Amino acid sequence: MGPGVVVTGLTLGALAVVGLLAAAANGAETRAVAGRTKPAAPAGASPSTPAAASPSPSPVALPSSAAEGTVRRVVYSVGARQVWLVDPRKDPQVQAAFPVEVGTVSPTPGNYTVYSRAASANGADGRQIEHVVRFAQQGGVVFGFSAAVDGAAPAAVDPKAKTGGIRESRTDGQTLWDFAPTGTRVTVVA
């Protein structure tokens, strides 16, 4: 065999491998996007059930009060227990949407800024958490997004305790962590 045949064979083999890897990556991205658009768990769902295990009807729409604006931001709806990652420079502007589990108290609606992040910490429920993104402090309560390392929803805490953790799935936690560095706006709506 001549050198031209060997080079051609190696080139075709390399192109086949690249094609397979591209197809696999595309499938993984599609699954990740589908996983990020699941709505909040229905009322009455067990608090020990991970958010990712909830049924998957259509995702909750971005509230019209938070749809306008030119600033890249995280939108959190207290009532809908939903988060949207919004970048008005992109089409579609909603980059991801996902349900969250909430603490015992909620932040006052308004605009905040991510002021602190931590790769890992301990949650108020004693679970190890990751991708902690803090954006507000009110009445001695710190509000922030995080994901449980074990993937579980928040465990029950003393109802008299004031906790402001907003817990998402690990996949959604990574997505929010990547989207919201320190200085990112967080818009809280009712």
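Residues numbered from 1 in each chain as written. Predicted model: local features only at pLDDT ≥ 70, side-chain atom pairs only at ≥ 80, totals over all residues. Heavy atoms only, no water.

Caption draft 1: Looking closely at the environment of Ser146. The residue Ser146 is located in strand E8 (residues 141-148) in this model. Separated by 23 residues in sequence, Ser146 and Ser169 place their C-alpha atoms 8.3 Å apart. If we skip the residues at most four places from it in the chain, Ser146 touches Ile129, Glu130, His131, Val132, Ile166, Arg167 and Glu168. (Helix = DSSP H or I, 4+ residues; strand = E, 2+ residues; numbered from the N terminus. Contact = heavy atoms within 4.5 Å.)

Caption draft 2: Expanded view of the pairing of strand E1 (residues 73-77). Of all 5 residues in E1, 5 are buried; the element is thus mostly enclosed. A two-sided burial pattern is seen for E1, the buried positions comprising Arg73, Val75 and Ser77 on one face and Val74 and Tyr76 on the other. In sequence, E1 turns back onto strand E2 (residues 82-86) through a hairpin of 4 residues, with Arg81 there showing a positive phi of about 50°. In this structure, E1 lies alongside strand E10 (residues 185-189), joined through 5 bridges in parallel fashion. Within E10, the residue paired with Val75 across the bridge is Thr187. (Buried < 20%, exposed > 50% of the residue type's maximum accessible area, 1.4 Å probe, protein only. Pairing = 2+ DSSP bridges.)

Caption draft 3: Representation of the side chain of Asp125. Within the element layout of this structure, Asp125 appears in the loop between strand E6 (116-122) and strand E7 (128-138). A polar atom in the side chain of Asp125 sits 3.1 Å from the backbone nitrogen of Arg127. Excluding its chain neighbours within four sequence positions, the residues that come into contact with Asp125 are Pro154, Ala155, Val157 and Arg167. (Polar contact = N/O pair within 3.5 Å; in protein donor to acceptor, adjacent residues only side chain to side chain.)

Caption draft 4: Examining the sheet that holds E1 more closely. Spatially, the 5 strands line up as an open sheet ordered E3-E2-E1-E10-E5, and their pairing is mixed. Each end of this open sheet is capped by a strand with a single partner; those strands are strand E3 (94-99) and strand E5 (110-113). Neighbour-to-neighbour, the strand axes of this sheet turn through a mean angle of 20°, independent of strand direction. (Axes fitted to C-alpha atoms, helices over the stretch in contact; angles between N-to-C directions.)

Caption draft 5: Quick look at unusual backbone geometry. In the segment running from Asp91 into Pro92, the intervening peptide bond is cis, with an omega of 0°. Mapped onto the elements of the fold, Pro92 is located in the loop between E2 and E3. At Arg81, a position not held by glycine, the phi torsion is positive, near 50°. Take Arg81: it is sitting in the loop between E1 and E2. Given the relative accessible area of 38%, Arg81 is considered partly exposed. At His131, a position not held by glycine, the phi torsion is positive, near 55°. Here His131 is to be found in strand E7.

Caption draft 6: Quick peek at the sheet that holds E8. Strand order in the open sheet made by the 5 strands is E4-E9-E8-E7-E6, with mixed pairing throughout. The two strands at the open ends of the sheet, each matched to only one other strand, are strand E4 (101-102) and E6. Pairing of E4 with strand E9 (residues 164-168), which is carried by 2 bridges, proceeds in the antiparallel orientation. In the strand pairing of E9, Glu101 is matched with Arg167. Strand contacts of helix H3 (residues 170-179): E6, E7, E8 and E9, with the helix running at about 55° to E7, the strand carrying the most contacts.

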